[in-house]
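# A look at the structure
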Amino acid sequence: MPHPSPGRPRRILLRSSWATANIGDVAHSPGAIGVLHAQGDDVEVTLWPCRLGERERRMFAERQPRVRIVDGDLDAAGRPTTPELAEAWAEADILVHGSAAGLVAGDDMRAWQATGRPYGFFGITHDPFGPETPSTLDQAATQVAALPGDYLSERDRDLFAGAEFLYCRDSLTLDYLTRQQVTGPLLEWGPDATFAHDLLDDAAADALLAEYRLTHGEFLVAVPRSRFAPYHRIYDIPAARTHHYREAVNAAHDPADLAVLAGAITHWVRSTGTPVLVGPEMSYAVDLAAEYFPRILPGDVAPHVRVLADYWDLPTATAVYARAAGVLTMDCHSPILATTVGTPAIYLRQPTETIKGRMYADLGVGETVVEIEAKDATARLAGLLDEIAATRGTRPAERVVATHAAATERLAQMARTAVGRVETDGGPAAGIGEAMSEVSVGGV
């Protein structure tokens with residue numbers, strides 16, 4: 001494709017913003033937009049969201065006013081269904097699939113592929129098994145290695161092979177696609193764009209701390225979840241057999257899983273004498289937390305635990321994380337949000353989560369991931385919480401800062417690659433391979 005004429009901006013269409021019921025999903029887009037815009041004043045990013053609520057639209061308008069947002073879908077023939085999307089589709093130089101747990105917008109990317117213009121993937125997971133195949137991360141690695149080289153569908157193989165760049169946000173995805181002999185100009189590790197999110201609402205966080213009687217640096221945030229998010233209830237859609245199956249799994253495992261979280265909360269309160277705020281990463285977890293906490297806690301611990309009554313927005317949650325001593329979470333993106341503000345975090349992983357959890361080991365902090373069914377989970381959680389408690393007066397945490405620096409450096413390189421594909425007529429940009437090799441997986 002021709003290079004944009006002098007004076008014409010380089011136009012990137014970002015397909016992202018998969019959900020607003022998850023502050024982790026909300027954070028993908030501002031992170032990607034920030035690093036892409038940082039590549040120059042002539043870089044124009046248009047966000048094509050899947051789901052975006054009014055408060056998230058206000059967030060972009062207030063915090064990232066340069067971004068243009070267009071709504072719409074593609075029809076069965078691959079044509080935009082709204083004039084605003086049609087205009088953005090026609091004008092864009094490149095289509096970028098944002099960070100995600102898979103090919104969320106795979107059909108959209110295939111329609112774009114037919115135009116012959118460049119496209120790429122900005123930090124995705126591609127789990128060959130999915131959450132219905134429970135496993136630890138180590139078991140998942142063994143499973144990936146055992147697959148035949150033709151396991152990947154030809155449809156996905158063709159889409160990946162045509163991409164200008166394919167960044168895998170976890171090394172298990174990278175290993176899987178490498179073993180599947182996916183070909184293309186660039187297949188490398190690249191972190192979730194949430195690591196570049198930096199939108200905080202300090203005033204809202206201070207008000208929340210006052211309301212819940214919390215002292216800056218002297219409380220833990222705990223984030224509960226079920227093994228499966230109840231999407232049929234979140235989006236008010238009729239429940240299918242899969243939804244009923246997942247609800248049954250939750251019914252069987254919620255008590256035991258949340259008892260592990262309750263045990264860690266108990267250890268924190270008894271060992272530090274400081275409170276815990278139970279808050280959600282996903283909207284449904286507000287009701288989940290209210291059902292279990294503080295009811296399942298010992299009598300001497302319950303008075304020290306505050307349960308957030310509402311689903312907070314991303315800037316407020318991140319700013320509260322910045323004021324916490326640490327974050328203990330059963331959801332995968334809260335450790336990233338904590339990392340962006342220098343707060344140490346622990347990820348209590350359930351076996352129904354995808355292989356995306358490997359991203360923490362890729363950044364050199366794999367010991368902060370605790371498999372919830374591990375025999376030593378309770379002891380490991382206690383040890384990690386003791387480390388946070390011992391250093392809670394020294395913020396930001398040095399190792400957390402190093403982790404964040406490595407992730408954001410890599411994201412900046414990824415953004416240069418994406419923008420570079422516009423600069424070089426859609427072909428390989430000079431020096432990109434050398435630049436990308438400077439930051440290795442697990443290099444923190």
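For the structure itself, consult the block above.
We now turn to the structure provided with this report. (Residues numbered from 1 in each chain as written. Predicted model: local features only at pLDDT ≥ 70, side-chain atom pairs only at ≥ 80, totals over all residues. Heavy atoms only, no water.)

### Here's the deal with the pairing of strand β4 (residues 94-97)
Put simply, side chains in a regular strand alternate between the two faces of the sheet. Here β4 shows no split at all, with Ile94 and Val96 on one side and Leu95 and His97 on the other all buried. Looking at chain direction, strand β1 (residues 10-16) and β4 are connected through four bridges and run parallel. By the bridge assignment, leucine 13 is partnered in β4 with leucine 95. Two elements, β4 and strand β5 (residues 119-124), share three bridges in a ladder whose sense is parallel. Bridged to histidine 97 within β5 is phenylalanine 121. Handedness of the β-α-β unit built from β4, helix α4 (residues 106-113) and β5 comes out right-handed. (Buried < 20%, exposed > 50% of the residue type's maximum accessible area, 1.4 Å probe, protein only. Helix = DSSP H or I, 4+ residues; strand = E, 2+ residues; numbered from the N terminus. Pairing = 2+ DSSP bridges. Right-handed = clockwise from strand over helix to strand, strands pointing away.)

### Some words on the sheet that holds strand β12 (residues 345-349)
Spatial strand order, β10-β9-β8-β11-β12-β13: six strands in an open sheet with parallel pairing. In this open sheet, the two strands that pair with only one neighbour each are β10 (305-307) and β13 (369-371). Looking at each pair of strands side by side, their axes are set apart by 20 degrees on average, direction ignored. Where strand β8 (residues 220-223) meets strand β11 (residues 326-329), four bridges bridge the pair, whose relative direction is parallel. Residue pairing across strands places valine 221 opposite valine 327, the latter belonging to β11. In the packing of helix α15 (residues 377-390) onto the sheet, the strands contacted are β8, β11, β12 and β13, and the crossing angle to β13 comes to about 160 degrees. (Axes fitted to C-alpha atoms, helices over the stretch in contact; angles between N-to-C directions. Contact = heavy atoms within 4.5 Å.)

### Examining the nonpolar core
Phe121, Phe122, Phe160, Trp312, Val320 and Tyr321 are the most contacted members of the largest nonpolar core, which totals 99 residues. Residue contributions to this core peak at eight residues, all from helix α16 (residues 398-423). Here tryptophan 312 is in contact with Ile23, Arg55, Leu208, Leu277, Gly279, Pro280, Ala317, Val320 and Tyr321, once residues within four sequence places are set aside. Core analysis: the second largest hydrophobic core is formed by 35 residues, Ala262, Phe293, Leu297 and Met330 among them. (Core = buried A, V, L, I, M, F, W, Y, C linked by side-chain atoms within 4.5 Å.)

### Concerning the packing of aromatic side chains
Summed over all chains, the structure comprises ten aromatic pairs. Between phenylalanine 165 and tyrosine 167, the ring centres sit 5.7 Å apart and the planes meet at 35 degrees, which makes this aromatic pair tilted. For phenylalanine 165, a relative accessible area of 0% gives the class buried. Using a relative accessible area of 0% as the deciding quantity, one classes tyrosine 167 as buried. Grouping aromatic residues by their ring pairs yields a cluster made of Trp48, Trp89 and Trp112. Its guanidinium or amino end placed over the ring of tyrosine 235, arginine 51 lies 4.0 Å from that ring's centre, counting from NZ or CZ. (Phe/Tyr/Trp six-rings, centres within 6.5 Å; stacked < 30°, edge-to-face > 60°. Lys NZ or Arg CZ within 6 Å of the ring centre and 35° of its normal.)

These values are about where atoms sit, not about what they do.
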